[in-house]
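Residue-level listing of the chains:
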Amino acid sequence: MSDGFVEPKRLVSQREWGDPAGDRKLHAVAQTSMGEAELYRRRSTAQDFDARANSLENWELVIGGETKVTVRDAAAPGISLQKRMRTGIHGEILGVEFRAQAAMRNVMSRFRHVDFTSGDRVVSFRAHGFRRVMSSSGGGVPVVLTQKRKGRWNSTGLDEADTLVLVLFVLAELEFFLDTPLGDLSPI
């Protein structure tokens, strides 16, 4: 168990991380307030054209030997996942359907976000200047759930479903959707 911070660790090389998955394999783990979370990736079982042409993957987030989150139509992290997230990926969190979608077409960070939608509830990750914020809106005004501090996300005080959304966001490395391309001014 951690002190409330989500501590991710990738277990495969950068090359294997970015390549389409084959058989079910553990790719990353994170220490959370709920215990150790494990991210498994495998090739999608769907046989339609979209699944085969885009190398779709099934992802599972397992905590304590129990599958808590499944994603049916993800893709390998990187360009493939960016494309999928623009149109949205689908899955279940604790047996409840969700859709995750990202917007990253604008260079201004305040317009870049990742939304997890389930029914009438939306959990959003947004950039506010240099801050990263996770908020929730259930048909009303957004309420800040947590924010990234000192390079780490804190899950203290979140309910189980929100913690799982945060862990999936961190393990799948979706934070790059919030980063502005202007932030990378490293010399070529």
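Structural data are supplied above this passage.
Okay, so let's go over this structure. (Residues numbered from 1 in each chain as written. Predicted model: local features only at pLDDT ≥ 70, side-chain atom pairs only at ≥ 80, totals over all residues. Heavy atoms only, no water.)

**Notes on the overall build of the protein**
A count of helical and extended segments in the protein gives four helices and twelve strands. Burial analysis of the protein (188 residues in total) assigns 44% to the buried set. When contacts within the protein are restricted to residue pairs at least 6 apart in sequence, long-range pairs at least 24 apart make up 40% of them. Accessible area for the protein stands at about 10,100 Å²; split by element, carbon and sulfur atoms hold 53% of it. (Helix = DSSP H or I, 4+ residues; strand = E, 2+ residues; numbered from the N terminus. Buried < 20%, exposed > 50% of the residue type's maximum accessible area, 1.4 Å probe, protein only. Contact = heavy atoms within 4.5 Å. Areas by Shrake-Rupley, 256 points an atom, 1.4 Å probe, with all protein chains shown as cover.)

**A word on helix 4 (residues 160-171)**
The terminal C-alpha atoms of helix 4 lie 16 Å apart, and with twelve residues this matches the ideal 16 Å at 1.5 Å per residue to within 8%. In terms of residue burial, helix 4 counts as a mostly covered element, since ten of its twelve residues are buried. Where helix 4 starts, the residue carrying a side-chain oxygen 3.4 Å from the main-chain nitrogen of A161 turns out to be D159. Where helix 4 terminates, the next one or two residues include E173, which has phi positive at roughly 55 degrees. (Expected span 1.5 Å × (residues − 1). Polar contact = N/O pair within 3.5 Å; in protein donor to acceptor, adjacent residues only side chain to side chain.)

**A look at the pattern of salt bridges**
Scanning the entire structure with this criterion turns up 14 salt bridges. The partner of R10 in a salt bridge is E173, with the nearest N and O atoms 2.7 Å apart. Separated by 163 residues along the polypeptide, R10 in strand 1 (residues 5-10) and E173 in the segment after helix 4 bring together distant segments of the chain. Its relative accessible area of 31% is what places E173 among the partly exposed residues. When the shortest N-O distance is used, the salt bridge between R42 and E60 registers 3.9 Å. Linking R42 in strand 3 (residues 35-43) with E60 in strand 4 (residues 57-63), this pair joins segments that are 18 residues apart in sequence. (Salt bridge = Lys/Arg side-chain N within 4 Å of Asp/Glu carboxyl O.)

**Observations concerning the environment of Q147**
Considering the arrangement of structural elements, one finds Q147 in strand 11 (residues 143-149). Not counting the four nearest positions on each side in its chain, Q147 is found in contact with R131, R132, V133, R152, W153 and N154.

**What to know about the nonpolar core**
If you look at the biggest cluster of nonpolar residues, it comprises 41 residues, and the most contacted ones within it are M85, V114, F116, F125, F169 and L174. Here this core takes eight residues from helix 4, the largest share from any one element. Not counting residues within four places of it along the chain, the set of residues in contact with F169 comprises V114, F116, F125, W153, L174, E175 and L178. (Core = buried A, V, L, I, M, F, W, Y, C linked by side-chain atoms within 4.5 Å.)

**Observations concerning the pairing of strand 10 (residues 131-137)**
For a regular strand, side chains alternate in direction, first toward one face of the sheet and then toward the other. Where burial is concerned, most of strand 10 is hidden: six out of the seven residues are buried. Alignment of strand 9 (residues 121-128) against strand 10, held across seven bridges, turns out to be antiparallel. For A127, the partnering residue across the bridge sits in strand 10 and is R132. If you look at the hairpin formed by strand 9 and strand 10, you'll find two residues sitting between the two strands, and G129 has a positive phi there, around 65 degrees. In terms of strand pairing, strand 10 meets strand 11 through four bridges, oriented antiparallel. Residue pairing across strands places S136 opposite V143, the latter belonging to strand 11. (Pairing = 2+ DSSP bridges.)

Take it as geometry only, folks, not as evidence of what the structure does.
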